[in-house]
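Structural features, examined
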Amino acid sequence: MFLAPALVLLTLASAGAWLWRFEAGYETLAARRQAALGRLVAQKAAAMRLRERMRLLGEEAGRIASFNAKLGIMLDQPASDPGTMGETRAPRLPGTAMGEALGRRLFDFLEALSGRMAREEAAQQELARSLIDRKLEFLAKPTLWPARGYVTSGFGSRRSPFGRGGDFHNGVDIKVPLGSPVYAAGAGRVVEAGTVAGYGFIVIIAHDYGLETVYAHLKKFDVKVGQEVKRGQLIAQSGNSGRSTGAHLHYEVRAGGTPINPRQYLLD
């Protein structure tokens, strides 16, 4: 009578002690798990910040390469190495494929980016030295934006703004308020200042090396034929004259009389 209840009580006590130990250990494990999850979240956030920083560095390298390429065009020194001035693509960011070591991928990416930046810096320094020696040539070429606005129509084929069908746009249209200042994109001599059918009030400046710049749809112009102008000199005000759908500046660059894309000379 007494042995059976005693055995039951002993069994229950043992089970309670074992469950108490399990409960205490579970709380400890839960706390450790929570702390580990917190560290993992912090590590992921740090990794995301690092990836974003590397992406920005890659874009900066691309901008330097684009700037160098434009300088090279202006100095008649096109890039011959596709991995330097002519390439605007940034090095590939590290991926997330399983089995790759993140540390190694980051190291390889930073090594590639470091080499890329060094090449671009060396190329830019060489171009800068050439630029100092050829300052007059630089001032003559149309590298300056003639007005500050935003481009509404680029160079090349487009849908006609006057109806159905398409046409070829010989320059770029820069949206600016009526009467905004228009500046000479490079040093040169005014060869035309007047009215041309379709263009409205127009100014044409002849630069060295067979280049001309055209500024059209003007409200008024402040220069005359034969006048020498400097790079950045005020020459006119933007308008809506001629065949135009609204106030803007139509800007062209011509080489030997043939329109070319102005963006290959414009420095951003």
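Residues numbered from 1 in each chain as written. Predicted model: local features only at pLDDT ≥ 70, side-chain atom pairs only at ≥ 80, totals over all residues. Heavy atoms only, no water.

Regarding the side chain of Ser 180
The following threshold applies: Strands here are runs of E lasting at least two residues and helices are runs of H or I lasting at least four, both read from the DSSP assignment and numbered beginning at the N terminus. Pairs of N or O atoms are called polar contacts if they sit within 3.5 Å, as long as, within protein, a hydrogen donor faces a hydrogen acceptor (for residues adjacent in sequence, only side-chain-to-side-chain pairs). Residues count as neighbours in contact if any of their non-hydrogen atoms are within 4.5 Å of one another.
With respect to the element layout, Ser 180 can be found in the loop between strand 4 (172-175) and strand 5 (181-183). Within polar-contact distance, the side chain of Ser 180 engages the backbone oxygen of Pro 177 at 2.6 Å. Ignoring any residue separated from it by four or fewer positions in sequence, one finds Ser 180 in contact with Ala 236, Gln 237 and Ser 238.

Focus on the nonpolar core
Here is the rule we go by: The nonpolar core is taken to be a set of buried Ala, Val, Leu, Ile, Met, Phe, Trp, Tyr and Cys residues, with the residues joined through side-chain atoms within 4.5 Å. Relative accessible area decides the class of each residue, using a 1.4 Å probe on protein chains only: under 20% of the type maximum gives buried, over 50% gives exposed, and in between gives partly exposed.
Within the largest apolar cluster, 24 residues are counted, with the highest numbers of intra-cluster contacts made by Val 203, Ile 205, Tyr 215 and Ile 235. Listing elements by their share of this core, those giving two or more residues are strand 4, strand 7 (200-206), strand 8 (211-221), strand 10 (234-238) and strand 11 (249-255). Ignoring sequence-local partners within four residues, the contact set of Ile 235 consists of Val 182, Tyr 183, Ala 184, Val 203, Ile 205, Tyr 215, Phe 221, Asp 222, Val 223 and Val 229. Counting residues in hydrophobic clusters, the runner-up holds five residues, among them Tyr 199, Ile 204, Val 214 and Ala 216.

A few points about the pairing of strand 4
For clarity, the cut-off: By the convention used here, strands pair only if DSSP detects at least 2 bridges between them.
By the bridge criterion, three bridges tie strand 1 (residues 150-153) to strand 4 in an arrangement that is antiparallel. Residue Ser 153 lies in a different strand from strand 4, and its bridge partner there is Asp 173. Looking at chain direction, strand 4 and strand 11 are connected through three bridges and run antiparallel. What sits directly across from Asp 173, in strand 11, is His 250.

Considerations on the layout of surface pockets
Let me state the cut-off plainly: In the cavity and pocket records, a cavity denotes points on a 1 Å grid over the protein atoms alone where a 1.4 Å probe fits but cannot get out, a pocket denotes an open set with protein on both sides within 12 Å along at least 5 of 7 lines, and lining residues are residues with an atom within 4 Å of a point. Grid points are joined across faces, edges and corners, and a volume is the space filled by probe spheres set on the points. Note on residue classes: Ala, Val, Leu, Ile, Met, Phe, Trp, Tyr, Cys and Pro are nonpolar, Asp, Glu, Lys and Arg are charged, and everything else, Gly too, is polar.
Taken as a whole, the largest pocket encloses approximately 440 Å³ of empty space. Of all the elements in the fold, those that place two or more residues in the lining of the largest pocket are strand 1, strand 3 (166-169), strand 4 and strand 11. For the lining of the largest pocket, the element with the most residues is strand 3, which contributes three residues. Residue classes in the lining of the largest pocket are distributed as five nonpolar, 11 polar and six charged.

Regarding the pairing of strand 10
Bridge count between strand 5 and strand 10: three bridges; the pairing is antiparallel. Note that in strand 10 the partner of Val 182 across the bridge is Ala 236. Pairing between strand 8 and strand 10: three bridges, direction antiparallel. For Phe 221, the partnering residue across the bridge sits in strand 10 and is Ala 236.

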